[in-house]
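# Fold and geometry: a report
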Amino acid sequence: MPLSSLSSAILSHMLSISNVPHPQLRSIPSLKVSKTIDYGQLNILCHMRGLQYYRKSSVLSVHDAFMKQYPKVFLKKKRVLPSLSKEEDERHATTDKKEESQPKQPGDESHNIAVHIKKVHGGYTLYGQKTMEEKIVEFLAILKKMPVHRTRREHVFVWKMLKTIPELTSQLNDEYLKTLSENLFSETWIKGSTVDANDGLYVILKGQARLKIQRGKKVTEEGKLTTSSPQPENVHSHIFSEDFENSTISESDPILKMWSTFGVLEVTDQGESETKYSAITEEDCEIIKFSSANYTKIKLERSNLELKQKIKLIHKCPYYETWPTLSIYELVTLIKWKKFPADQVIVESGNIISFVAFIKSGYCKVYRNIIGLVKAQSKIKKIQKSVYMGDLKENESFGEISILLQVPLTCTIIAGNDVEMAIIEEKDLNKLEPVTRQLMLQTAKRTYGHLKDEDVKNEYLRKEKQKEWKNFKDNTVKKSMYYSGISPGFGKWNHHWKTVPRNLKNPLVIY
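This report concerns the structure included in the present document. (Residues numbered from 1 in each chain as written. Predicted model: local features only at pLDDT ≥ 70, side-chain atom pairs only at ≥ 80, totals over all residues. Heavy atoms only, no water.)

### As for a nonpolar patch on the surface
A cluster of nonpolar side chains, namely Met-48, Phe-66, Met-67, Tyr-70 and Phe-74, defines an oily patch on the protein surface of about 450 Å² accessible area. Structurally, Tyr-70 is set in the loop between α3 (59–69) and α4 (86–101). (Patch = residues over 30% accessible without salt bridge, like charges linked within 9 Å, V, L, I, M, F, W, Y side chains within 5 Å. Areas by Shrake-Rupley, 256 points an atom, 1.4 Å probe, with all protein chains shown as cover. Salt bridge = Lys/Arg side-chain N within 4 Å of Asp/Glu carboxyl O. Helix = DSSP H or I, 4+ residues; strand = E, 2+ residues; numbered from the N terminus.)

Following this line, the structure appears as structure tokens:
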């Protein structure tokens, strides 16, 4: 029977393949043994049996046994320190004896490169904290510059250096001191100069001087001359003379040294009875001056700014939007600023509040008390619970009705975070005009006064149902995960039980 063309092609291909010689056999490369692995310990690790062979053991115990064996697989190289030759030992011993015999001179740091760098740069420390002497040198150099030519860092440095002077910080707070320090500059007074200190507070930065004080005189109704009594707080001993210009330096005059202050920061209008202060330099001095005029100007600007803030705060409160300007100004004169930390109870339910509050920043939480039923040991008890009803936010006020009518509040107010308020105390509120007090009663409303007892009960029931549903949901998910043997914090294991063993140390936590 003749073959088809396809069958003959397949046969010829098979014959041609059978005539091709086989490739030469190649040797398999030998595996290199790693020098960092202990194969004996690795074999022990590989033959450790799984959890299914230890039914009485817990997952943690089997896992700990595996992790104790695992680090033993890897070999650690031992560090071998090079040994010192005998000649080097003898040389070090002789040098040590010489160093012991020759005591070190103080300041001998020839091998410290920081000392040489400091000398090259004129004695200034480039890295690390600077010494007090270096800070004073830099402080004086900055004060020689005009204030407009100083950098922001230099202004901050001057302010921080002035904060280290106790007599300054006792008279100026941080805000005033920071503002005044931006316009300070140093003045050089040569030896024998007289520094009149009746227009500001002076601070000696360098040098020494003696304080001279003249107590002024005034004429009484009887025509007699009397001396005035005001004296600065920072001066303890004085010498007074009738004619200051003709007075001479006395050894009993107080000595003013570095960081000493003299003069007055606030000038009072006393006319002829004003006490005059001055200092006579005993050597060249560097002095800075806090001008009384600048201080008075800054105080006036701050008071005007604070007044605007108070007016703006009251205008934004919902109850005071339609108030006349004169009535608002009457409230502003009585306002004081007060801060409350987070979670502080401002007023409790059933108490009369002692002030009216206008919230500037932050918020307060409002709670209402309710009598709830709780089942405990097959008995039902009545307990008082606080129900969260809402928040008092910025530009809202509270306490007007309670303090004016002497009515206790029906809610508890707690600071939700750090709260800053403008308050009017009860003693100041009684100073208001009757028309203003009546206007406040007409416009203000009770804090959450629209809520009835039924509304509070409905809110309490809603939250209790929400809490029960959350507990039911969490328990259901927890039971499902325990049933499947899923435990957070552990890897995948072949479990042959339906539930996780009870002796598991870390129980499941659902957040």
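After that view of the structure, there is still more to cover.
### Quick notes on the packing of helix α9 (residues 174–181) against helix α10 (residues 292–316)
The geometry of a pair of packed helices is captured by two quantities: the angle between their axes and the separation between those axes. At a closest axis distance of 11 Å, the pairing of α9 and α10 adopts a crossing angle of 125 degrees. When the axis of α9 is compared with that of α10, the two are oblique. The chirality of how α9 crosses α10 is right-handed. In this structure, α9 uses Glu-175, Tyr-176, Thr-179 and Leu-180 to contact α10, whose residues at the interface are Asn-294, Tyr-295, Ile-298, Lys-299 and Arg-302. Residues of the contact of α9 with α10, tallied by class, amount to four nonpolar, two polar and three charged. (Axes fitted to C-alpha atoms, helices over the stretch in contact; angles between N-to-C directions. Parallel < 35°, antiparallel > 145°, perpendicular 65-115°, else oblique. Left-handed = near helix turned anticlockwise from the far one by under 90°. Contact = heavy atoms within 4.5 Å. Nonpolar A, V, L, I, M, F, W, Y, C, P; charged D, E, K, R; others polar.)

### Some points on the sheet that holds strand β16 (residues 397–398)
Picture the strands of a sheet paired through backbone hydrogen bonds; they go either parallel or antiparallel. Taken together, four strands build an open sheet; the order of strands is β11-β18-β13-β16 and the sheet is antiparallel. Strands with a single pairing partner mark the edges of an open sheet, and in this sheet they are β11 (336–340) and β16. Relative to β16, strand β13 (residues 355–361) runs antiparallel, the two sharing two bridges. Paired with Phe-358 across the strands is Ser-397, a residue of β16. Its contacts with the sheet put α10 on β11, β13 and β18 (419–425), and the angle it makes with β13 is roughly 100 degrees. (Pairing = 2+ DSSP bridges.)

### Regarding the pattern of salt bridges
Taken as a whole and assessed by the stated rule, the structure comprises 18 salt bridges. For the salt bridge of Lys-431 with Asp-428, the shortest nitrogen-to-oxygen distance reads 3.6 Å. Residue Lys-431 is classed as exposed on the basis of its relative accessible area of 60%. Taking the relative accessible area as the measure of exposure, Asp-428 reaches 8% and is therefore buried. Taking the shortest distance from any N to any O, the salt bridge between Glu-459 and Lys-463 comes out at 3.8 Å. With Glu-459 and Lys-463 both in helix α15 (residues 453–483) and four residues apart, the pair spans about one turn of that helix. Glu-459 gets classed as buried once you look at its relative accessible area, which sits at 18%. A network of salt bridges, in which partner residues are shared, links Lys-336, Glu-425, Lys-427, Asp-428 and Lys-431. (Buried < 20%, exposed > 50% of the residue type's maximum accessible area, 1.4 Å probe, protein only.)

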